[in-house]
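Coordinate analysis (summary)
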Amino acid sequence: MGKNYLVVGASSGIGKACVDKLSDEADNIIIAARSKDKLNEIKEQYEGKLNIYPVSCDVTDLEHINTILETCKVKDIKLNGMVYSAGMDGTWPIKVNNTVLMQEMMKVNCFAFVELAKNFYSKRFSQDGASIVAISSIASLTNEVGMSSYCASKAALNSYIKTMAKEFLRRRIRVNAVLPAGVSTPMAEEKGKLLSGLASAESVGQSKAFSDPQPLGTIPADIIAAQVAFLVSEHAGYTTGELLTIGAGRAY
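Just so you know, these numbers come straight off a predicted model, no measurement behind them. (Residues numbered from 1 in each chain as written. Predicted model: local features only at pLDDT ≥ 70, side-chain atom pairs only at ≥ 80, totals over all residues. Heavy atoms only, no water.)

**A look at the overall build of the chain**
- Counting its regular elements, the chain contains 9 helices and 9 strands.
- On the chain, roughly 12,200 Å² of surface is accessible, and the fraction owed to carbon and sulfur atoms is 51%. (Helix = DSSP H or I, 4+ residues; strand = E, 2+ residues; numbered from the N terminus. Areas by Shrake-Rupley, 256 points an atom, 1.4 Å probe, with all protein chains shown as cover.)

**With respect to the pattern of salt bridges**
- Summed over all chains, the structure comprises 5 salt bridges.
- Where E115 meets K118, a salt bridge forms, and the shortest distance between an N and an O atom there is 3.1 Å. In this pair, E115 and K118 are both assigned in helix α4 (residues 99–120), 3 residues apart and thus about one turn of the helix distant.
- Under the relative-accessibility criterion, E115 is labelled partly exposed at 25%.
- Owing to a relative accessible area of 48%, K118 belongs among the partly exposed residues under this scheme. (Salt bridge = Lys/Arg side-chain N within 4 Å of Asp/Glu carboxyl O. Buried < 20%, exposed > 50% of the residue type's maximum accessible area, 1.4 Å probe, protein only.)

**Side note on the layout of surface pockets**
- By volume, the second largest pocket amounts to about 150 Å³.
- Along the wall of the second largest pocket there are 13 residues; nearest its centre are K3, G129, R174, V232 and E234.
- For the lining of the second largest pocket, the elements supplying multiple residues, two or more each, are β1 (3–8) and β5 (126–135).
- In the lining of the second largest pocket, the residues fall into 3 nonpolar, 5 polar and 5 charged. (1 Å grid on protein atoms, 1.4 Å probe; cavity = no way out; pocket = protein on both sides within 12 Å on 5 of 7 lines; lining within 4 Å. Points joined across faces, edges and corners; volume = space filled by probe spheres on them. Nonpolar A, V, L, I, M, F, W, Y, C, P; charged D, E, K, R; others polar.)

**Quick look at the sheet that holds β5**
- One open sheet accounts for 7 strands, arranged β3-β2-β1-β4-β5-β6-β9; its pairing is parallel. Strands with a single pairing partner mark the edges of an open sheet, and in this sheet they are β3 (51–56) and β9 (243–246). Taken over all neighbouring pairs, the strand axes of this sheet differ in orientation by 15° on average, direction set aside.
- Sheet topology note: the strand β6 (residues 174–180)/β9 ladder contains 4 bridges and is parallel. Residue pairing for β9: P180 is matched across the bridge by I246. (Pairing = 2+ DSSP bridges. Axes fitted to C-alpha atoms, helices over the stretch in contact; angles between N-to-C directions.)

**Focus: the pairing of strand β2 (residues 26–33)**
- Counting buried positions over the 8 residues of β2 gives 7, a clear majority of the element.
- With 6 bridges connecting them, β1 and β2 associate as parallel partners. By the bridge assignment for β2, K3 is matched with A26.
- Traced from β1 through helix α1 (residues 13–22) to β2, the parallel crossover comes out right-handed.
- Inspection of the sheet shows β2 paired to β3 by 6 bridges, in the parallel sense. In the strand pairing of β3, I30 is matched with Y53.
- The β-α-β motif built from β2, the intervening helix α2 (residues 36–45) and the parallel element β3 has right-handed crossover chirality. (Right-handed = clockwise from strand over helix to strand, strands pointing away.)

**Comments concerning the pairing of β1**
- Taken across its 6 residues, β1 has 5 buried, putting it largely inside the fold.
- Of the pairings in the sheet, the one linking β1 to strand β4 (residues 79–84) comprises 4 bridges and is parallel in character. If you follow L6 over to β4, its bridge partner there is M82.

**So, the nonpolar core**
- V59, Y84, F113 and I132 are the most contacted members of the largest nonpolar core, which totals 46 residues.
- For this core, the element with the highest residue contribution is α4, accounting for 9 residues.
- Not counting residues up to four positions away in its chain, the partners in contact with V59 are V8, I65, Y84, A86, V108 and A112.
- By size, the runner-up hydrophobic cluster in this structure holds 35 residues, among which are C18, L22, I52 and A248. (Core = buried A, V, L, I, M, F, W, Y, C linked by side-chain atoms within 4.5 Å. Contact = heavy atoms within 4.5 Å.)

**Focus on the side chain of S136**
- Within the fold, S136 resides in the loop between β5 and α5 (139–142).
- Judged by its relative accessible area of 3%, S136 is buried.
- A polar contact is formed between the side chain of S136 and the side chain of N158, at a distance of 2.7 Å.
- With residues up to four places along the chain from it excluded, the contact list for S136 reads K154, L157, N158, A177, V178, L179 and P180. (Polar contact = N/O pair within 3.5 Å; in protein donor to acceptor, adjacent residues only side chain to side chain.)

Here is the structure:
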């Protein structure tokens, strides 16, 4: 019998790679993101292979975020796993900090995940022994120059992962996070451009923080997806509350 999954942030990057990886053993995958067109393209890709249910949504709309899970009731699906890959990036020094952007980043990178996970815990939506995996970032540990808001939002996510793992034990729902270093995704490429511009405006000493390489290189998105697939599988049945770092040789 196939599995049922929800992938949030599924339209590109790590989220799309997770859909590809999980499709090998899935009967049903609910995919959520803002771009309706990209979601429909993914649905067409898997036509006749498995059931893909696209849900166009804005995860910053916390009051209505639970509509993502309503598809489970409509289609009579109980989920075996949820992958939260939605994310907002942003780079700016503290001296020009923008509180509006800070709040937006916390909504996308942390608060929306907590709201979805809270509802996922209900027996209406998930199987006992299900799994939740969030995509965090190694930046939550390294605290790079110019990335204070991003690092803080991912660090907050990590903290919720740890507490949630304890609170969800009653239903044996496992909660883990993957913390990658630089991944080959459109969002990461955009961040690289921003960091390069910021580095050129800062002192030489600060610029070094942006130029240190990942000794093993940029990580392909499908490598992260493979780790996610492991964490939602029975092979990780005794793994919960973990922050799995994939650092590509970076010191942290």
